[in-house]
Amino acid sequence: VLYRQIVSKYPNGVKFVSTQQVRIGDKIRYAISFKQIEIVNEISTTFENTFIEKIEGIEDKIAKLESLGDPESRNNACIDTIKEELQDKGMDAKWLDKISKTLIKNELDQDKSLIVNYILEEIDDSLVFSEQDKQPPKIIMMTGPTGVGKTTAIAKMANYYKDKVDTSKMAFINLDHYRVAASEQLKGYANLMDIEYGDIEDASEFSRELDRFQDKELIFVDTGGISPFDINRLLETVSFIRGASTHDLSIVLVLCATLKKEDLIAMHEHFSFLNLDNLIVTKFDETSSISGLVDFLRSCQTSLYYFSAGQDIVKDLMPASSDYLLDRLAKEWQNIKCEA
């Protein structure tokens, strides 16, 4: 094709001279030099066919050389393996594809450590945390499904804040009258920590109980565990919140790290209409894989408040941090093997 174009411009004939590699930006091109023949008596059919074959051969080589610099044509076995492994662990496929394209474009797709570190950095940038150095809200109301550890989280938070707020200035209020011995558990923690305790059953009493504790600096409210599909129980919680509309409540959703990502998403969606302020995640000590959980936390965008890893009310609560999550993920992913 190239030869025919040249011959059409120089009917007297041309002679191939040389090729030269030229780099333009991040692309490689090849310049081909020809010399015009001033006097040509006759070009044989054999010579013409041979010349065309040489030109076409050069064009094929140029195409192959250019393809070597095309990111889409490289072997992406390493990043493909990591994507597959992380997707199996619960990470979102579309999000991983977006990350992969960035890595391939920047030619960082052949080294496992670079790939993993880049993904961890992207996760870090997407997480939202509550400001821990601020004074805690006066009234913290715990909500969430059954069995996630709301009552124990209250005791842990009260112990955590006792250096800032004297326990004589704290109060516990129990609204849970569905779970067996729920009131006894919270009351037991109150007695142990010398914290005043209140127990109410009706939404109309909630505001009056908060008024009774108006001299307190920190009040924790424990609600009954609710299935996200139990509309009546959800509405009951709403009635308590509305009954205390003259008080500034901080609504905290408590979820546990052992739940599947699909369940975490469903529960967060169902509780979101309570206007959630923060999120506490418990039971980190009861799971070895948190990839699905972190993918949920990355996308839910509710401020992360505290993490809990154990039953000890003194030792097992920590302010939520990306360092904890990223360290757990790095250890979880260290056995992923891929070949560049």
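Residues numbered from 1 in each chain as written. Predicted model: local features only at pLDDT ≥ 70, side-chain atom pairs only at ≥ 80, totals over all residues. Heavy atoms only, no water.

1. Examining the overall build of the protein
Consideration 1: Helix and strand counts for the protein stand at 12 helices and 10 strands.
Consideration 2: Relative to its 340 residues, the protein shows a buried fraction of 44%.
Consideration 3: Considering only intrachain contacts with a sequence separation of at least 6, the fraction spanning at least 24 residues in the protein is 74%.
Consideration 4: For the protein, the exposed area adds up to about 18,500 Å²; of that, 47% sits on carbon and sulfur atoms. (Helix = DSSP H or I, 4+ residues; strand = E, 2+ residues; numbered from the N terminus. Buried < 20%, exposed > 50% of the residue type's maximum accessible area, 1.4 Å probe, protein only. Contact = heavy atoms within 4.5 Å. Areas by Shrake-Rupley, 256 points an atom, 1.4 Å probe, with all protein chains shown as cover.)

2. Here we look at the pattern of salt bridges
Consideration 1: Under the definition given, this model contains 8 salt bridges.
Consideration 2: A salt bridge links Asp-295 to Lys-261, with the shortest nitrogen-to-oxygen separation between them at 3.0 Å. In this pair, Asp-295 is assigned in helix H11 (residues 291-300) and Lys-261 in helix H10 (residues 261-271), connecting sequence segments 34 residues apart.
Consideration 3: Residues participating in the shared-partner salt-bridge network are Glu-196, Glu-209, Arg-212 and Lys-216. (Salt bridge = Lys/Arg side-chain N within 4 Å of Asp/Glu carboxyl O.)

3. Overview of the pairing of strand S9 (residues 304-308)
Consideration 1: The buried count for S9 comes to 5 of 5 residues, which makes it a mostly enclosed element.
Consideration 2: Two elements, strand S8 (residues 278-282) and S9, share 3 bridges in a ladder whose sense is parallel. Paired with Leu-279 across the bridge in S9 is Leu-304.
Consideration 3: Viewed along the sheet, the connection from S8 through H11 into S9 turns out right-handed.
Consideration 4: As defined by bridge partners, S9 adjoins strand S10 (residues 317-319) across 3 bridges and the pair is classed as antiparallel. What sits directly across from Ser-308, in S10, is Leu-317. (Pairing = 2+ DSSP bridges. Right-handed = clockwise from strand over helix to strand, strands pointing away.)

4. Points about the packing of aromatic side chains
Consideration 1: Counting across every chain of the model gives 9 aromatic pairs.
Consideration 2: Between Phe-172 and Phe-220, the aromatic rings sit 6.0 Å apart at their centres with planes inclined by 75 degrees, giving edge-to-face as the arrangement. Here Phe-172 is found in strand S4 (residues 170-174), whereas its partner Phe-220 is found in strand S6 (residues 218-222), with 48 residues between them in sequence.
Consideration 3: Taking the relative accessible area as the measure of exposure, Phe-172 reaches 0% and is therefore buried.
Consideration 4: Ring-pair connections join several aromatic residues into one group, and the members of that group are Tyr-160, Tyr-161, Tyr-305 and Tyr-306.
Consideration 5: Positioned above the aromatic ring of Trp-95, the side-chain terminus of Arg-298 is 4.4 Å from the ring centre. (Phe/Tyr/Trp six-rings, centres within 6.5 Å; stacked < 30°, edge-to-face > 60°. Lys NZ or Arg CZ within 6 Å of the ring centre and 35° of its normal.)

5. Observations regarding helix H8 (residues 203-212)
Consideration 1: Ala-203, Phe-206, Ser-207, Glu-209 and Leu-210 are the residues of H8 that are buried. All buried residues of H8 fall inside an arc of 160 degrees around its axis, so they share one side. (Arc of directions from axis to C-beta.)

6. Re the nonpolar core
Consideration 1: If you look at the biggest cluster of nonpolar residues, it comprises 61 residues, and the most contacted ones within it are Ile-123, Phe-206, Leu-325 and Trp-333.
Consideration 2: Judged by nonpolar contacts, the second largest core, of 28 residues, contains Ile-140, Ala-190, Ile-280 and Tyr-305. (Core = buried A, V, L, I, M, F, W, Y, C linked by side-chain atoms within 4.5 Å.)

7. Some remarks on a negative patch on the surface
Consideration 1: On the surface, Glu-184, Asp-199, Glu-201, Asp-202 and Glu-205 cluster together into a negatively charged patch.
Consideration 2: By the secondary structure assignment, Glu-184 is in helix H7 (residues 182-193). (Patch = residues over 30% accessible without salt bridge, like charges linked within 9 Å, V, L, I, M, F, W, Y side chains within 5 Å. Lys, Arg positive; Asp, Glu negative; His and termini not counted. Charge placed at Lys NZ, Arg CZ, Asp CG, Glu CD.)

8. Points about the side chain of Ser-322
Consideration 1: Assignment of secondary structure puts Ser-322 in helix H12 (residues 322-333).
Consideration 2: For Ser-322, a relative accessible area of 13% corresponds to the buried category.
Consideration 3: Here Ser-322 is in contact with Asp-124, Leu-127 and Phe-129, once residues within four sequence places are set aside.

9. Quick word on the sheet that holds S8
Consideration 1: Strands sit in the order S5-S4-S6-S3-S7-S8-S9-S10 across an open sheet of 8 strands; the sheet is mixed. Both outer strands of the open sheet, strand S5 (196-199) and S10, are each paired with one neighbouring strand and no more. Sheet twist, expressed as the mean angle between neighbouring strand axes with direction ignored, is 25 degrees.
Consideration 2: Across 5 bridges, the pairing between strand S3 (residues 139-143) and strand S7 (residues 249-256) is parallel. Across the sheet, Ile-140 pairs through a bridge with Ser-250, a residue of S7.
Consideration 3: Relative to S6, helix H6 (residues 150-161) is tilted by about 170 degrees, and along the sheet it contacts S3, S4, S6, S7, S8, S9 and S10.
Consideration 4: Here H8 sits on the sheet and contacts S3, S4, S5, S6 and S7; the angle it forms with S5, its principal contact strand, is near 165 degrees. (Axes fitted to C-alpha atoms, helices over the stretch in contact; angles between N-to-C directions.)

10. Re the confidence of the model for the protein
Consideration 1: Across the protein, the average pLDDT comes to 82, with 74% of residues at 70 or higher.
Consideration 2: The element-level mean pLDDT for the protein is lowest in helix H2 (residues 45-68), coming to 58, with S8 highest at 97.
Consideration 3: Confidence drops under a pLDDT of 50 for residues 39-43, and excluding neighbours within four residues, the segment shows 2 contacts in the predicted structure.
Consideration 4: Across residues 67-73 the pLDDT falls below 50, and counting only partners more than four positions away or on other chains, this stretch makes 3 contacts in the model. (pLDDT = per-residue confidence, 0-100.)

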